[in-house]
Protein chains: 4
Amino acid sequence: MFDRLDEQKVMRDPIHQYIHVDYKVIWDCIGAREFQRLRRIHQLGGTFQVYHTAEHSRFGHSLGVYEIVRRMLDEVNGLSARLTEYDQLTVLLAGLLHDLGHGPFSHSFEYIVRVKHEEMTLRIILEDSEINSILSKADKGLPAAVAAVIDHRHPNALLEQMVSSQLDADRMDYLLRDAYFTGTSYGEFDLERVLRTLKVVDQQLVVKETGIHTIEDYIMARYHMYWQVYYHPVARAFEAMLVLLFKRIRDVATDDPLWNSKFPMFARLFDSDMSLDDHFSLDEYSCMYGLYQLAKYDDPILRDLATRIIDRNIFGYIDVKSDAKIEDYLSYAQHYPSAYYLYIDSANQQPYKPYSNNNKQNIYVLGADNEIRRLIDVSNIVQAISYAKNKEDVKLFFPKV
Amino acid sequence: MFDRLDEQKVMRDPIHQYIHVDYKVIWDCIGAREFQRLRRIHQLGGTFQVYHTAEHSRFGHSLGVYEIVRRMLDEVNGLSARLTEYDQLTVLLAGLLHDLGHGPFSHSFEYIVRVKHEEMTLRIILEDSEINSILSKADKGLPAAVAAVIDHRHPNALLEQMVSSQLDADRMDYLLRDAYFTGTSYGEFDLERVLRTLKVVDQQLVVKETGIHTIEDYIMARYHMYWQVYYHPVARAFEAMLVLLFKRIRDVATDDPLWNSKFPMFARLFDSDMSLDDHFSLDEYSCMYGLYQLAKYDDPILRDLATRIIDRNIFGYIDVKSDAKIEDYLSYAQHYPSAYYLYIDSANQQPYKPYSNNNKQNIYVLGADNEIRRLIDVSNIVQAISYAKNKEDVKLFFPKV
Amino acid sequence: MFDRLDEQKVMRDPIHQYIHVDYKVIWDCIGAREFQRLRRIHQLGGTFQVYHTAEHSRFGHSLGVYEIVRRMLDEVNGLSARLTEYDQLTVLLAGLLHDLGHGPFSHSFEYIVRVKHEEMTLRIILEDSEINSILSKADKGLPAAVAAVIDHRHPNALLEQMVSSQLDADRMDYLLRDAYFTGTSYGEFDLERVLRTLKVVDQQLVVKETGIHTIEDYIMARYHMYWQVYYHPVARAFEAMLVLLFKRIRDVATDDPLWNSKFPMFARLFDSDMSLDDHFSLDEYSCMYGLYQLAKYDDPILRDLATRIIDRNIFGYIDVKSDAKIEDYLSYAQHYPSAYYLYIDSANQQPYKPYSNNNKQNIYVLGADNEIRRLIDVSNIVQAISYAKNKEDVKLFFPKV
Amino acid sequence: MFDRLDEQKVMRDPIHQYIHVDYKVIWDCIGAREFQRLRRIHQLGGTFQVYHTAEHSRFGHSLGVYEIVRRMLDEVNGLSARLTEYDQLTVLLAGLLHDLGHGPFSHSFEYIVRVKHEEMTLRIILEDSEINSILSKADKGLPAAVAAVIDHRHPNALLEQMVSSQLDADRMDYLLRDAYFTGTSYGEFDLERVLRTLKVVDQQLVVKETGIHTIEDYIMARYHMYWQVYYHPVARAFEAMLVLLFKRIRDVATDDPLWNSKFPMFARLFDSDMSLDDHFSLDEYSCMYGLYQLAKYDDPILRDLATRIIDRNIFGYIDVKSDAKIEDYLSYAQHYPSAYYLYIDSANQQPYKPYSNNNKQNIYVLGADNEIRRLIDVSNIVQAISYAKNKEDVKLFFPKV
């Protein structure tokens, strides 16, 4: 039904060896300008300030998620047999396109900006874009189908499980990819074995009991990546500076009628009706160029924060005790207006969430007796970890003297 | 004080890139016949029957332990400064020589045989051997010093910590090595980071608080290697067959005055006064050749068990419930004499033992406040795992019909 | 037509991640005693005396060749479509079974012994063996078909190209495997890309022009592995000692009517009518056990040579000039009978043989213009290398004083 | 003499595991704004358009060159003993800082722009910059010493050999690094073995004869990286588009007095008296932001070329025959002004240059006889390759219809 390429196309990739593309609509989406834009958004925001080689973009990650979905269809026992070609293509596209809506330095960005990246992803797929026109040309209903998977509304729960659950192609690719590009080994787990261990029972992905260790290893990989990479205090300090900068931009822009013409790249940041074109232009290149201008601008706070970011003059931090009040810490930034120079950020992570209102999120295990149980009821390790006192790390970030 | 080689010697090694040797006494020990004999003992006994590439010997592992001790001295903050050259050489040699006493298929073997490999190691170092003469020639007191470390009696507790504790060169090498040769990724952890994370405080190796994740990762690696590799039921079934065979040999040999001349390679197995020469000849080559003879011998049980082992006709197994009695399972081997055809084996593993009578065994953490605490009091993960219900796996092994 | 297993079986392998088995006849062959015997023959003979981790056996290599053939069928453009299922199974089995006939330390062994391993492989497949009965049961004509591929007589030249040509599954697996287990990186090349670069044109495997660099890289990998690993002088010295030992055994055995009862493991070595059972018993375990006996035997030369081999007291060597005579070197072993203590060995290797009488051996390249040319006419590198002065390395081996 | 840090600092790096910093002046240089700017210049220009993960910057490469120099000092036999601490620090800094002068998309850029990156590097080190002030503070003569090494004028030839010769830290790092980030295996070689194989004789780095294969492997790695990565036609097409765009910018800017105020980021491109500040602002972020503006500008050629670059609408190409004239190809861009839409680029590469006027560039081999010979006189492979017909690849790039 869907056109295939004359010859399979491949793209070299360090994580998956090759990304394999058979369908024309996939190939066309990869070439679309909204997808190419993902090359201009770092996968890990400011983490490259700590792990200096973590300079990879969401472009490679998006291809990787697609490739894992493709391998699932190929290698997971009984999966492709349960899915129509239409559903298969839908889930491949959902994997490929799920990150389209990200803005620059997403984490910091979304603290301040109204529009969430999930909504933008849906808009790019559904509204007037090159992606939408490619999908629609392949099949009129395709944009809506792909959007439904991303928006957790697709009638076939299997599709959502594949791209957005506790054991999905998204997490699997980013753990492996971020481990590779940071140069740590924490995120490594045995992808091939995970795929071999999955099975479809009653339209649900389950893990065979014999594969529990592989899944435990994957869950520990996640845990370690969070604490070693994603929550690294210096990366969080860098992001805190961006949040404070965006906050200052918002406050200054509100009062300055000429702001938009002076800083066109920051013109639409706070508009709830940002157009797709505005969003397209908003990437880390334009954002950084904006910072260069701010570093010469006459607002001293913007000038200072921008210069710090450009020159990597990163904030320091201290641990915040649970019973502390912000006043206790004011001395840390006494020479600075605290609204723009103090930031509290709390990180905490449960490696596996045992309970979830959304059953599609959980990991289920198929026993030798053909009973299906929750992972937490079968794995001592997952149980121990999940019920452990939550590790929490609250830090106050402030300018080093 | 100790002679150095004119030029550093290196041996290529997949785990450590190179094994580096600077001291003459180390190089001579590597060339000694008792050390070369380790090439004829598999590192993982019968595990190559499951992981077909796990054919590596105790020779490479022994070099690897030595190399990690060498790197500790080189890279661990403050370590070599606290040790005399004499102590440094002592611990290098203890790492190199700690496995000399192993017999063929040690695990199975020691169920039946009186002599333990630890004792044999001490005897080879202390009694009349090429190793002893090399050590003595380097310094008269060296054999006793090396033996003291291996026997947990050395006055400097640091040395024992380096080669025999919960975070020692022995475990570190075998996890990495066994992972490499089985082709699993479970045993991988970040060796370089572990070394960087260690520090000496009050003549004790401690882990800096910032390195806790690296240690958690190492402990999980151990946990997974146990369940995925070391306790693999098929490897245990193979070892069960060896135990039963050795048992039958013992029973038959007792009644047969000609046994020793018929099976010289099995002559000294059960003598408590085994000589070093007897031990030297006892390796997996002679053991396997003995099996070829047994496969043609006139005792039907020995013939049958030996043939099964040679042709990899491995026993099956079932889980044993905690409240079961052996009679419940007799039917599994009804055509066979149960003394030689039924075997119950229990595997259980705690990834980290929080309490130990031997303080040198524990892992301690140095906090930012310079306090030293037990790992279990600092790491949620280790805590959770250590207090989790112990995973136990009891299996009955029996001939498949 | 051929029975498939209920569920695909996999075996963990560090080179290929997994060996995948779908056909029952393949699985049964792997379980056969003649195939299991390959665990008892080192892949690289005495090379583990130099690269101490090169302890891997022909068992893993044989599985690896099978796996590459399987991947060729799966991944090479147009290949499986040109082959009947019968031919596919034939070539899978030829890959799996091609090394069955090897004896202990094959290289040294075949200098002395009459029977070549290729002939023994054919006999095991065609005569009365467990392998033959498994093949025959699957299909009466299968043993003959598999033997024809191995013996270069199969009517379909494609099958031979896949398992025995200058770019075949055998070479590909051993380069990767030997590199992995020695811990060198010389043998590495991009297997996945090689497979993607192959294509079938006119019942012939050809390389697409765009993949020439990948093939050049593979040819250089071969060149380096030969000089760095396979021709390492210490490994050759070890093998020289084995050749001399076997020679002495032959000479002594001829004169001693009781030899066969004293050394049953060396009884059939020189019989041209060795039975399959004799061959089955002849492995490196029995051979080494024989050496232990020889080390205590009353012929001083055998005693000496055996002890040297066991204790790794390896011969030294010097380069032999092209115009030298053996007398020039006699002084090197003046205390020893030169027939058993001097050995000259010549190593030379052409990384790629441009001309071959056997067209099936050559590598051909498919140009963008659809013309097929010889690799050497297209690749500057291969041309340069092939016409370079042959590197030759002649060495005399002798006992170190 | 030079201040050391209280504790060694390390930075995680996938190629070298860690970058190790002991000297304060090194650490300060890494923090300097001109060094941090290297994060904003891709190591491989537009190659990430082909190998999508080649998004790494010159920042990591510069650290890597430094680290290899550091390892040379540590591991190369006899090297550090021949160098004063001052020379050691000089060469470490030369390795670290050698790429400071690069502009955005250097290769394309330098076709058009007057200032060469080597000159800019020297200016940043010698003129008024944060780097200069850090170096001068450590020692007054340091900027001149470091510049002398980079400018091939340092009296101690060893220093230049280490950072800029046919076997230098620069090439070694970029081959390994570019291989890692593209995900190819072509650039891999055995760095540790190369370092072990080097030796200092008569103030010259030489290769020990026993290490020739390692060096051959390195030279082949270089050869393959050139053809597979650096000269990839699609990357060259992307760069051709940039060259054409820069050319158009130059032509338009000359005629437009308002250009500089409209496009400040492209204001100083063609000034021979570019200031260090101008250079600092000129990175790939500002360059790309300029492209976004050009994509909306009223010059149709600039608009078109900029849009093509942003949306990866890359030129096609054909091979140019050696006897062809440009007119033969005009039809390829008939709808376009040929000055901005046709580009001929010639790639050719000799893997090893046998003769060089600069002796410091060559690779020399130390024979067993203690004679020093040129690599090409000792290695058949290098000889064969060097005298092979030069591979040349001339392509015409033009807009796809």
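Residues numbered from 1 in each chain as written. Chains lettered and ligands numbered in written order. Predicted model: local features only at pLDDT ≥ 70, side-chain atom pairs only at ≥ 80, totals over all residues. Heavy atoms only, no water.

Another point: the overall build of chain A. Within chain A, the regular secondary structure consists of 20 helices and nine strands. For 401 residues, the compact-globule estimate of 2.2 N^0.38 gives 21 Å, and the C-alpha radius of gyration of chain A, at 22 Å, lies within 12% of that figure. In terms of overall dimensions, chain A has C-alpha extents of about 65 × 50 × 35 Å along its principal axes. With 401 residues in all, chain A has 66% of them scored as buried. For chain A, the share of sequence-separated contacts (at least 6 apart) that also reach a separation of at least 24 residues comes to 72%. Total accessible area on chain A stands at roughly 15000 Å², and carbon and sulfur atoms take up 46% of it. (Helix = DSSP H or I, 4+ residues; strand = E, 2+ residues; numbered from the N terminus. Rg over C-alpha atoms; globule rule 2.2 N^0.38 Å. Buried < 20%, exposed > 50% of the residue type's maximum accessible area, 1.4 Å probe, protein only. Contact = heavy atoms within 4.5 Å. Areas by Shrake-Rupley, 256 points an atom, 1.4 Å probe, with all protein chains shown as cover.)

All right, on to the pattern of salt bridges then. Taken as a whole and judged by the stated rule, the model has 91 salt bridges over all chains. A salt bridge links A:Asp377 to A:Arg374, with the shortest nitrogen-to-oxygen separation between them at 3.0 Å. One salt bridge connects C:Arg250 with C:Asp251, and the closest N-O pair in it is separated by 3.7 Å. Ionic contacts of the salt-bridge type, sharing partners, join the residues A:Arg236, A:Asp319, A:Asp345, A:Asp393 and A:Lys395 into one network. (Salt bridge = Lys/Arg side-chain N within 4 Å of Asp/Glu carboxyl O.)

Turning our eyes to something else, we now look at the interface of chain D and chain A. By a widely used convention, the size of an interface equals the accessible area lost when the partners come together. Each partner contributes to the interface: chain D provides 42 residues, whereas chain A provides 42 residues. Interface area for chain D against chain A, summed over the two sides, is near 3400 Å², with a carbon-plus-sulfur share of 56%. The largest share of the area that chain D buries against chain A comes from D:Arg12, D:His52 and D:Tyr285, three residues that together contribute 22% of it. At the junction of chain D and chain A, the tally comes to two salt bridges. In this structure, D:Arg33 engages A:Asp311 in a salt bridge whose closest nitrogen and oxygen atoms are separated by 3.5 Å. At the boundary of chain D with chain A, the tally comes to 16 residue pairs in polar contact (both at pLDDT 80 or more). Within the residue set of the side of chain D that touches chain A, elements represented by two or more residues are strand 1 (4-13), helix 2 (33-36), helix 3 (58-75), helix 10 (169-182), helix 15 (276-281) and helix 16 (284-294) of chain D. Per-element tally for the side of chain D that touches chain A: the top contributor is helix 16 of chain D, with six residues. A class-by-class count of the residues in the side of chain D that touches chain A yields 17 nonpolar, 14 polar and 11 charged. (Buried area = accessible area lost by both parts, 1.4 Å probe. Polar contact = N/O pair within 3.5 Å; in protein donor to acceptor, adjacent residues only side chain to side chain. Nonpolar A, V, L, I, M, F, W, Y, C, P; charged D, E, K, R; others polar.)

Residues and elements named next belong to chain D. Examined bridge by bridge, strand 1 and strand 2 (residues 17-23) share six bridges and lie antiparallel to one another. Each bridged residue has a counterpart across the sheet, and for arginine 12 the counterpart in strand 2 is tyrosine 18. Between the end of strand 1 and the start of strand 2, which pair antiparallel, lie three residues. (Pairing = 2+ DSSP bridges.)

What follows deals with the packing of aromatic side chains. Aromatic ring pairs: the centre-centre distance and the angle between the two ring planes describe each pair. Going through the model one piece at a time under the given rule, you end up with 76 aromatic pairs over all chains. Residues B:Trp227 and B:Tyr231 carry aromatic rings whose centres are separated by 5.1 Å and whose planes lie at 70° to one another, so their mutual orientation is edge-to-face. Overall, B:Tyr231 belongs to the buried group, its relative accessible area being 18%. Summarising the aromatic geometry, the rings of C:Trp259 and C:Phe263 are spaced 4.5 Å apart at their centres and angled 35° between planes, so their arrangement reads as tilted. (Phe/Tyr/Trp six-rings, centres within 6.5 Å; stacked < 30°, edge-to-face > 60°.)

Aligned on chain A, chain B shows an RMSD of 0.0 Å; the corresponding rotation is 180° and the shift along the axis is 0.0 Å. The operation mapping one copy onto its partner corresponds to a two-fold rotation axis. Ranked by how close their C-alpha atoms come to the rotation axis, the residues of chain B are headed by B:Ala384, at 2.3 Å. Taken as a fraction of all interface residues of chain B, those also at the interface in chain A reach 100%, which identifies the copy contact as same-surface. (Least-squares fit on C-alpha atoms with pLDDT ≥ 70 in both.)

Residue and element names in this part refer to chain A. The strand order across the open sheet built from four strands is 3-4-7-8, with neighbouring strands paired in mixed fashion. For this open sheet the edge positions go to strand 3 (198-201) and strand 8 (372-374), each flanked by a neighbour on one side alone. Neighbour-to-neighbour, the strand axes of the sheet open up by a mean angle of 45°, direction not taken into account. For strand 3 and strand 4 (residues 204-208), the ladder comprises four bridges, and the chain directions are antiparallel. Its bridge partner being in strand 4, lysine 199 is matched across the sheet by valine 206. (Axes fitted to C-alpha atoms, helices over the stretch in contact; angles between N-to-C directions.)

On to the relation of the copies chain D and chain A. Both copies of the chain are related by one operation, a rotation about an axis with a shift along it. For the pair chain D and chain A, the superposition axis carries a translation of 0.0 Å, the fit reaches an RMSD of 0.0 Å, and the rotation angle comes to 180°. An overlap of 100% is found between the interface residues of chain D and their copies at the interface of chain A, pointing to a shared contact surface.

Residues and elements named next belong to chain C. In this structure, lysine 395 sits in strand 9 (residues 392-398). Residue class for lysine 395 comes out buried when judged on its relative accessible area of 8%. When residues no more than four places from it in sequence are discounted, the contact partners of lysine 395 are Pro233, Arg236, Tyr317, Ile318, Asp319, Val320, Tyr343, Ile344 and Asp345.

Here we come to the interface of chain B and chain A. Between chain B and chain A, the residue contacts involve 22 residues of the former and 22 residues of the latter. Between chain B and chain A the total buried area reaches about 2100 Å² when both faces are included, carbon and sulfur atoms providing 52% of it. When the buried surface of chain B facing chain A is broken down by residue, B:Tyr186, B:His213 and B:Asn380 rank first, second and third, together holding 29% of it. Between the two partners, chain B and chain A, sit zero salt bridges. Where chain B packs against chain A, one counts two residue pairs in polar contact (both at pLDDT 80 or more). Residues belonging to the side of chain B that touches chain A are distributed by class as follows: eight nonpolar, seven polar and seven charged.

Packed helix pairs are specified by the crossing angle of their axes together with the interaxial distance, meaning the distance between the axes. All names here are of chain C. In the contact formed by helix 4 (residues 85-97) and helix 8 (residues 142-150), the axes pass within 9 Å of each other and the chain directions differ by 65°. Classified by chirality, the crossing of helix 8 by helix 4 is right-handed. Contacts between helix 4 and helix 8 pair Tyr86, Thr90, Leu93, Ala94 and Leu97 from the former with Leu142, Ala145, Val146, Val149 and Ile150 from the latter. Of the residues belonging to the contact of helix 4 with helix 8, the class tally is nine nonpolar, one polar and no charged. (Left-handed = near helix turned anticlockwise from the far one by under 90°.)

Let's shift gears to the confidence of the model for chain A. On average, residues of chain A score 90 in pLDDT, and 94% of them reach the 70 mark or higher. Quick note on the complex model: pTM equals 0.93, ipTM equals 0.94. (pLDDT = per-residue confidence, 0-100.)

Three or more residues of helix 1 (residues 24-31) of chain D are buried, namely D:Val25, D:Ile26, D:Cys29 and D:Ile30. Seen end-on, helix 1 of chain D carries its buried residues on one side only, within an arc spanning 140°. (Arc of directions from axis to C-beta.)

Our next topic: the sheet that holds strand 5 (residues 316-319) of chain C. Residue and element names in this part refer to chain C. Overall, antiparallel pairing links the three strands, which are arranged 5-9-6 in an open sheet. Each edge of the open sheet carries a strand with a single partner, namely strand 5 and strand 6 (343-348). Adjacent strand axes in the sheet meet at a mean angle of 30° when their direction is disregarded. With six bridges joining them, strand 6 and strand 9 adopt antiparallel strand pairing. Paired with isoleucine 344 across the two strands is leucine 396, which belongs to strand 9. This element, helix 13 (residues 233-255), spans strand 5, strand 6 and strand 9 of the sheet and lies at about 55° to strand 9.

All names here are of chain B. A positive phi is found at glutamine 17, a non-glycine position, where the angle reads about 65°. Turning to its location among the elements, glutamine 17 is positioned in strand 2 (residues 17-23). A relative accessible area of 39% means that glutamine 17 is categorised as partly exposed.

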